[in-house]
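Descriptive analysis of the structure
One letter stands for each residue in the lines below.
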Amino acid sequence: MPQPALSCQSLACRAGGREVVKDLSLEVMPGERVAIMGPSGSGKTTLLTTLGGLIPPSAGRVLVGSVPLDGQPSLRRNLTLVFQSYGLVSLLTAAENIEVALRAAGRPPREAIAEAADVLGRMRLTPYADHLIEELSGGQQQRVAVARALALAPGVILADEPTAEQDKVNRMLVLEALMAAPAALVIATHDPEVAERCDRVVELRSTAGVR
Amino acid sequence: MTPAVRCDGVVQIYKTKEIEVVALRDIDLVIEEGESVAFLGPSGAGKSTLLWLLAGLLRPSAGRLWLGTTEIGKLGPRALDRLRAADIGVVLQNPARNLIPYATAVQNVTFAQRAVGRRGRRPAGDLLDRVGLTGVRDKPAGRLSGGEQQRLAVAVALANRPRLLLADEPTSQLDAATGQAVIELIRDLGETSVVVTHDVRVSEATGRTVTIRDGRIGAEGRGGEDFVVIGREGAVQLPPEYHELLPPGSMARVEPLPDGVVLRRAEP
Amino acid sequence: MILRGLWRRRWLSLIVLVVAILPVVAGSLGPMYTDAARTTLLRETLDHALLDHRGWRVTSVTDTAGRLVEHVRAPFLLPPIQGAELLSPNDKATKTYPLMWVDGQCDHVRLLEGRCPEAANEIMVTGASGLKVGGTVKLRLLRESGSDDARLTPLRVVGVYETDAADPIWYGRSLFPQTAGVTEGNGDPLLTVPDTQAKSVVATGGVVGVPGESWVSSAIVYIDPQKITGDGLALLESIQAELRGLGQSRQTTTVFSYMDDTLAAVHRHLDSLSVPTTLVTLQLVALGWLLLFLTVRDLVAARAQEIALARLRGLPTLRIWAFGLSEPAFLLLAALPLGLAASFAVVQRMSETLLRKDLEVTVDGFTVLCGVAAVFGGLLATALAARQTVTQPVVEQWRRTPRAHRRAWVVDGVVLAITAVGLAELVAGGAITDTTGQRASALVAPGLLAVALAMIARRILPLACRALFRFTRTRGNIGAFLAMRQIARGSATASSVVVLAAGLGLAVFAVAAWSVTSRNYQEVARVHNGAETVFVVARTDTETLRKISAAIPGTAPVIVTPGPPATLATDPALFAAVALWRPSYGNDQELSRLVAKLSPSAPPPRVMLSGDRIRAHITTPPLPEGWSAILYADFRVAGETRPASIPLARPDARTTVHEWGLPRGCLTAPCELRGLRMEVMGDTGTNFEDRPSGSALLTKLEMRRDGRWTTVDAGLDDPTRWTSTSSTADGGLPLSFDPNFSESRPDTFPDPMPGLSSGTAAGQKLPGLDDVYFSGYESVATTRALPGLNAPGVVVDLETADRVAYGYSPKTEFQIWAAPGRGDEVRDALRRDGVPVLGMRTLDDLVAGYTSQGPGLALLLLIISAGVAALLALGRAVLALHAAARRRTYEMAALEAAGARVRPLRVALLLEQTITLSWGALTGILAGLVAAWAALPRVPEFAETPVTPPLDYSLVPVPVIAVACAVLVLSLVAAAVTSELLLRGVQVDQLREAPA
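Residues numbered from 1 in each chain as written. Chains lettered and ligands numbered in written order. Predicted model: local features only at pLDDT ≥ 70, side-chain atom pairs only at ≥ 80, totals over all residues. Heavy atoms only, no water.

Looking at an unreviewed UniProt entry, one finds chain C named ABC3 transporter permease C-terminal domain-containing protein and attributed to Planotetraspora kaengkrachanensis. Per its UniProt entry, chain C bears the Sequence similarities (unreviewed entry) comment "Belongs to the ABC-4 integral membrane protein family." Regarding chain C, the relevant UniProt record gives this comment under Subcellular location (unreviewed entry): "Cell membrane". (UniProt positions renumbered as here; feature names shortened; annotations may be inferred.)

Rendered as structure tokens:
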């Protein structure tokens, strides 16, 4: 039986003093697409950041493959997060943002430059490659964030509302690109279109639970 | 009856670091009193620019713009301020941006009312009731949830009895249920409103949609049906769903019909 | 609501408050400090003034002096010390005594025997007077009341006293010559009670009221330095004018005072204080405004959203401005009282440690006004800073694509142009001839230079980083990649560089200026004082001075006559042992070697006579018909400054022995024969060609003393002892009739005198100890400076100078110099030997004096406040970088989450901070050094620039290097600490929130 790319067992997460996720157990297989839905404030972001290993869970644990995530920052490099607020470096250009992420992951500089150009092209961002992030519109920035995640080609992509800013055309673009990636995908969204294209939907209620 | 909003050949050009960008060209638009319109279109197409023009925050590079009987382009800065204070209410995209976070809900409403004499104001309590925020009136705005903040923003926008309500992507940062609630609120208010959005549910809730693509009004939707708008000098924007049949950049023959034309692909 | 907004941005608000305090402090510090300094100057000048320079002695022969000065009142005047004095010879006319009484005299003397006089006609005397308790003294002018023929009042001696001649009650007059060992002249005062004056009559030769033959009433009014403040200066001047007028308008009233000199000195110092202090204050206030501008810009920018919201809601422009400025204005207003309080505390501290301990610092109206002006300027700076945020189109706030904006080259260009012109003027000498203004304006140099260089530097840094973009893109680690881009594109870079460069430029300049100035103060004090401690003693004569010095090891006798050219007469060997010398003054030679050439090896003995008559044996050839001759003899008489001449003889062929009376002074003390002159006269009708030729021969000189004649050892037949040109084979001194050779003098001194000169033009003559007969000198060596001389002058041998002079001018100052380290011992020894010390000057006193002059105080102010300002600038720069970086910690967190290791992030932060801070620091240091090189020679250091020694403006490397290193180290430490804090602040929690 193949190993799940990402799994959590009896996960509980706290945010702002209250528990937003209680006793969640989940398995995501490699290449699987999982949508996490729920009203705003229900803890989607918290869940994603916990799954991404950025904050410790208040109970339970997260495993990447079969290795627990706690205290192993190197494992995080197999996960990439696309943040709701993009998390891009505003004083760098779009291309530089991707290059720096790639180089941080260990690619040699020239390869990084080439790969960045390539992924930006796939996101229809080539004319904006040398614009500073702070000069791009919200939708464009979001696409750069997605491009960054795709370029890193990790085993698992955790994306928080990756299409919120996009109009119809670009929404498709982003979705297609995400779906085309070989990584396991966990997408937090409130867009039913996105949920449609996923293999599974996990719904979070405000009282925290799983369905 | 005078329309609430009228645009006549509005053009907007701005300069960035390297180039001049034509954000809007030849916009002709009429919005009647009480109508609520959604502006749709890809990002960067000029929807927000048109909104700012309607709010008096930008001056059109060319063309004329009326709000009721007032031609906005002819007003001086002070008059524009007064216009914005008394006649226009604006709701911005990011809920937090609409409010002063450390002021309470009531204080936010009264802050916006400072610009206008007593007669022009609606009582703050009434407004908060109307948007369903009576319970949190003394809570600092920064501590309200996203949905509550956006509703408060609507209340603030209405504080001075405006003739026109403008909203820029009011639901993009909200989840489905809350977004829906805000939309319904705007719709139920009955004011003339213009909402910029790319949320499909919003466009479904408003009576009329205007699609702006590439700086022009390309299409309109009324009552659920989409129409293509023939612009000045006959420009027509083909909606994306037809791009397969008639790819952009290809040539087509125009065949006249009694009530219009037919476009047929021309094989090279 | 303002308070809540401030609380929300509390750290930024706190920073703005602190920065707002700076201009208020700078603005109010100046006036308060100037006030304190003014008072200090006044008090210091008065403290160090001689007794007769800080008070008045009003005397009158007709009125009671006390009543004359009654109406002169001021809080700083001590009650007048009244007294009266009658100068009269005793009944045998052997000695003239001052009979006097002074208020409170009994408390200012020590009784050796007997008691203080209480009843009329009782007196007390000094030990040196030789009078005994129980004895009686009668004075010629004092008669019992009654007719003019009444008997002389017998004055009974009831006590023997001794006193300190320098006690203020004596007003610095030389009243005690007998105690000082001077045998001729007046006796020591006979102290009595006022009743004596009341109950007796002065026998006058003629009209009552003639000065010198009646009681002179006096009142001494002193200024209490502890009670005078800077504001009292005007009152002091009016009092001086009034008293001077009193003395001039009445013939019978005389006012003795050197207060004019004191006031002139005070004014000189004050004038040299205000301009430099103002310039320093202005620069610091400007720096404060710059800091405020930058910091408020951040505060307002943090509110940009709220401001945009207000504009969106249609609030009118004025209200928008009020809204936007409300928070910074509130902070500024809060800064006013805080700043004034801080200023007060600082000035108090400064005045305690640097000025005087007895000052009361007050906050007066003018100071508050300055504080308000600083706040007002701050408001303007705030408005400027807020302008961009408040007036930018609302839509800009939400738009992503920034508009193209004009670069502010205009401002840069203007500042650079002003600086270039200013520098050129400084270095090249300037066309403005107003010396004080031009020189003080050199203090503006550091500010201008710092700003100009900062403006250049802030443009260079991003450009340099940009140049490295390609390099870091393809090579190296991502730390450098990130850092280069952050610096080149970041918003905090420019302001940090400017602020740091400006603040540090001022500070480095201040350190350089202060170290150079301190060094100059030391050097000038060394030269002007001459020795480590100099004691000013009563003016007596050379022999007495020598004896005083000989009795105390480690001292040198010195007599200084002011010139020009100044003369310093001293014992060369003792001088060389005691004086502070640097070989660089005199071509790297030791002083002992230079002065060795001053004393003649074996000077011939002087020709001294004493007695009442002189006899000369002269053999004269027959004179032609109608011609006669007179031989004059010139004597130096003790106690006088002019030679006394007697017509010794009328030489003719028939008479050999000629006799005449010696000058009166030769009776009481030996007088010196200084020259013989033969004058030849012809009756009318004689021809010039017939005048006598040849010479008479003086074979013997005798003097009569107490009735007995003794031969004078004049060496008449010794050619080495006389300067006449003819040979002396004839056993006597030829006295030629030829007018060209008619003078002979004992060859007791070389003519011209050998002297060690500095800065004097060759061919000038020295005034000599008597300041009457100018004598030539021959320079044995020229030096750049001479110990003890503050003007171009000459050092000569004391003995030689004494032989040249005929007496001692009142302008001379008799000094005893103490060797380094022996100041206290010598002082005690002098006191033990009963030598009245009129004043004492130490090296430290002089240095302290320079420091408390105007320019010194201004520089003190500069260095202290520049130091604080520099620290604030560094703090501001670090905080700005920190704040800018903090907004990016969220991005850093995301980058870390995307896989970046912490180390490159740390490197990026560290590099960014280090490079920016170091660049700013280096620019500041460079600016400070250049300003020091260009402007220091023109910055006034003394109220009156000393003529000698030449001032050295080469930079003292150690303090400047120390400060530069300290600053760089501080910057690096700040960068490291900030980076660490930032990294720790990289919380992934932040990733949850959307950015505002």
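Going through the model one piece at a time under the given rule, you end up with two disulfides over all chains. Each sulfur in the disulfide pair Cys106 of chain C and Cys116 of chain C lies 2.0 Å from the other. The sign of the -115° torsion about the S-S bond sets the Cys106 of chain C-Cys116 of chain C disulfide as left-handed. In this pair, Cys106 of chain C is assigned in the loop between strand 3 (96–102) and strand 4 (109–114) and Cys116 of chain C in the loop between strand 4 and strand 5 (122–126), connecting sequence segments 10 residues apart. Looking at chain C, its bonded cysteines, counted consecutively from the start of the sequence, adopt the pairing 1-2, 3-4. Its sulfur unpaired, Cys198 of chain A is 17 Å from the next cysteine sulfur, which belongs to Cys8 of chain A. Among the residues examined, Cys198 of chain A registers a relative accessible area of 10% and is labelled buried. (Disulfide = S-S within 2.5 Å. Helix = DSSP H or I, 4+ residues; strand = E, 2+ residues; numbered from the N terminus. Buried < 20%, exposed > 50% of the residue type's maximum accessible area, 1.4 Å probe, protein only.)

Time to look at the confidence of the model for chain C. Low-pLDDT stretches of the model should not have their predicted coordinates read in fine detail. Residue and element names in this part refer to chain C. When the pLDDT values of chain C are averaged, the result is 82; 92% of them are 70 or greater. Below a pLDDT of 50 lies the segment residues 206–211, which in the model reaches four contacts outside its immediate sequence neighbourhood of four places, other chains included. Ignoring residues within four places in sequence, the model shows residues 400–406, a span with pLDDT below 50, making 17 contacts including any to other chains. The ipTM, which scores confidence in the relative placement of chains, is 0.84 for this predicted complex, and the corresponding pTM is 0.74. (pLDDT = per-residue confidence, 0-100. Contact = heavy atoms within 4.5 Å.)

Quick look at the sheet that holds strand 9 (residues 200–203) of chain A now. Residues and elements named next belong to chain A. What the five strands build is an open sheet, ordered 6-7-8-3-9; its pairing is parallel. Two strands close off the open sheet at either side, each with one partner strand: strand 6 (79–82) and strand 9. Looking at each pair of strands side by side, their axes are set apart by 15° on average, direction ignored. Where strand 3 (residues 33–37) lies against strand 8 (residues 184–188), four bridges are found, and the strand directions are parallel. Residue Val34 lies in a different strand from strand 8, and its bridge partner there is Val186. (Pairing = 2+ DSSP bridges. Axes fitted to C-alpha atoms, helices over the stretch in contact; angles between N-to-C directions.)

Moving on to the sheet that holds strand 14 (residues 566–570) of chain C. The pairing of strands in a sheet comes from backbone hydrogen bonds and takes either a parallel or an antiparallel form. Residues and elements named next belong to chain C. Here we have eight strands laid out as an open sheet, ordered 26-25-27-14-13-28-12-29, and mixed in their pairing. Two strands lie at the open edges of the sheet, namely strand 26 (777–783) and strand 29 (837–842), each paired on one side alone. Direction aside, the axes of adjacent strands within the sheet are offset by 30° on average. As judged from the six bridges shared by strand 25 (residues 753–758) and strand 26, these two strands associate in the parallel manner. Paired with Ser758 across the two strands is Thr783, which belongs to strand 26. Taken strand by strand, helix 22 (residues 823–832) contacts strand 12 (533–537), strand 13 (555–561), strand 28 (813–818) and strand 29, and its axis lies near 20° from that of strand 12.

Right, let's talk about the packing of helix 16 (residues 492–529) of chain C against helix 26 (residues 902–935) of chain C for a bit. Residues and elements named next belong to chain C. At a minimum axis separation of 7 Å, helix 16 and helix 26 run at an interaxial angle of 35°. In this structure, helix 16 meets helix 26 at a crossing whose hand is right-handed. Across the contact of helix 16 with helix 26, the residue classes break down as 16 nonpolar, eight polar and no charged. (Left-handed = near helix turned anticlockwise from the far one by under 90°. Nonpolar A, V, L, I, M, F, W, Y, C, P; charged D, E, K, R; others polar.)

All names here are of chain C. Domain boundaries assigned for chain C yield domain 1 (1–49 + 277–399), domain 2 (50–257), domain 3 (421–524 + 846–988), domain 4 (539–603 + 750–835) and domain 5 (608–744). The distance between the C-alpha centroids of domain 3 and domain 4 comes to 50 Å. Of the residues lining the interface, five residues belong to domain 3; the matching set on domain 4 comes to eight residues. Taken together, the two surfaces of domain 3 and domain 4 that pack against each other cover about 520 Å², and 48% of this comes from carbon and sulfur. In terms of surface lost to domain 4, no three residues of domain 3 exceed Glu523, Thr948 and Pro950, which account for 76% of the buried area on that side. Joining domain 3 to domain 4, the criterion identifies one salt bridge. (Domains from an automatic or database assignment. Buried area = accessible area lost by both parts, 1.4 Å probe. Salt bridge = Lys/Arg side-chain N within 4 Å of Asp/Glu carboxyl O.)

The pLDDT averaged across chain A works out to 81; a share of 89% of its residues lies at or above 70. Mean pLDDT values for the elements of chain A range from 79 in strand 5 (residues 67–68) of chain A up to 90 in helix 3 (residues 109–122) of chain A.

This paragraph deals with the pattern of salt bridges. All names here are of chain B. A full pass over the atoms with the stated rule returns 48 salt bridges over all chains. Between Arg208 and Glu35 there is a salt bridge whose closest N-O contact spans 3.0 Å. Placement of Arg208 in strand 9 (residues 208–213) and of Glu35 in the loop between strand 2 (20–31) and strand 3 (36–40) is noted, with a sequence separation of 173 residues between them. Exposure class is identical for Arg208 and Glu35. Each is buried. With a closest N to O distance of 3.4 Å, Glu71 and Lys74 form a salt bridge.

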